[in-house]
Amino acid sequence: MGDVFLVRHGETEWSRSGRHTGSSDVPLTERGREEARRLVPLIRPHRIAAAFVSPLRRARDTAELIGLRDVRVDPDLREWDYGAYEGVTTPAIQRERPGWFLFTDGVAPGPPEHPGETPEQVGARADRVLARVDAALEDTEGAVVLVAHGHVLRVLTARRLGLPPSGGALFQLATGTLCRLGTEHGRPVIAGWNIRPTQ
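Description of the structure in this document.

Conventions adopted
Residues numbered from 1 in each chain as written. Predicted model: local features only at pLDDT ≥ 70, side-chain atom pairs only at ≥ 80, totals over all residues. Heavy atoms only, no water. Pairing = 2+ DSSP bridges. Helix = DSSP H or I, 4+ residues; strand = E, 2+ residues; numbered from the N terminus. Axes fitted to C-alpha atoms, helices over the stretch in contact; angles between N-to-C directions. Contact = heavy atoms within 4.5 Å. Core = buried A, V, L, I, M, F, W, Y, C linked by side-chain atoms within 4.5 Å. Buried < 20%, exposed > 50% of the residue type's maximum accessible area, 1.4 Å probe, protein only. Salt bridge = Lys/Arg side-chain N within 4 Å of Asp/Glu carboxyl O. Phe/Tyr/Trp six-rings, centres within 6.5 Å; stacked < 30°, edge-to-face > 60°.

### Description of the sheet that holds strand 2 (residues 48-53)
Logical step 1: Sheet architecture is open: six strands sit in the order 3-2-4-1-5-6, paired in mixed fashion. Each edge of the sheet is formed by a strand with only one pairing partner; in this case those strands are strand 3 (71-73) and strand 6 (187-195). Neighbouring strand axes in the sheet, compared pairwise and without regard to direction, differ in orientation by 20 degrees on average.
Logical step 2: In this sheet, strand 5 (residues 178-184) lies alongside strand 1 (residues 4-8) in antiparallel orientation, the contact comprising four bridges. Counted as the bridge partner of Phe-5 is Arg-180 from strand 5.
Logical step 3: Of the strands in this sheet, strand 1, strand 2, strand 3 and strand 4 (143-148) are in contact with helix 4 (residues 57-65), which crosses strand 4 at around 140 degrees.

### Details of the nonpolar core
Logical step 1: Counting 31 residues, the largest nonpolar core has Leu-6, Trp-80, Val-144, Leu-146 and Leu-156 as its most contacted members.
Logical step 2: Where this core is concerned, the elements lending two or more residues are strand 1, strand 2, helix 6 (102-105), helix 7 (119-139), strand 4, helix 8 (150-160) and strand 5.
Logical step 3: Counting 18 residues, the second-largest nonpolar core is a separate cluster that includes Ala-51, Ala-143, Val-145 and Leu-178.

### Examining the pattern of salt bridges
Logical step 1: Scanning the model with the defined rule gives 15 salt bridges in all.
Logical step 2: Between Glu-34 and Arg-37 there is a salt bridge, with the nearest N and O atoms lying 3.3 Å from each other. Here Arg-37 and Glu-34 lie together in helix 2 (residues 30-37), a separation of three residues that amounts to about one turn.
Logical step 3: When its relative accessible area of 37% is taken as the criterion, Glu-34 is described as partly exposed.
Logical step 4: The salt bridge partner of Asp-76 is Arg-132, with a shortest N-O separation of 2.6 Å.

### As for the packing of aromatic side chains
Logical step 1: One pass over the full model with this rule turns up four aromatic pairs.
Logical step 2: Taking 5.3 Å as the distance between ring centres and 75 degrees as the angle between the ring planes, the aromatic pair formed by Tyr-85 and Trp-100 counts as edge-to-face. With Tyr-85 in the loop between strand 3 and helix 5 (90-96) and Trp-100 in the loop between helix 5 and helix 6, this residue pair connects regions lying 15 residues apart in the sequence. Comparing Tyr-85 with Trp-100, the two get one shared label, buried.

Pasting the structure below:
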């Protein structure tokens, strides 16, 4: 079984300021573009069997900047639908809802086009992505690369390890980093996390 590489997109203005960025198609900053380009040496040595990317521009641009080819857009890799919390920071939410925590409390309902998601709904999307990952790993040799967003990748990691979606809270994930999910004795493990080039 090959490895699964997770790439969180590079920095955006909203990620820098801590604003929840779900459906808003915020572009990469120049620093975010550079973060992505710096991942190329970490990806290039590996044989890539398949690559999947979120439909949002910040992820698609990151995939392009790291040199991925034949990337499949996967709507299930889009970021958590934050509903009414789109564009709002955690401290601002906690002023209204003391103790609020995304991974256990979910979000307040938003407009019909972006009503918000529960942790379980995000977990169901992650499970669908992992089923496609496993199918790709069975069909060909090499690694699978997923380019997406912080919270959805954290939930996906939890699900890969057999944890509930709320387990994503355990995995802090920085912009413009690479993570590697592998196996040990046939069981899924984290083989590398928040990796950046040393130079």
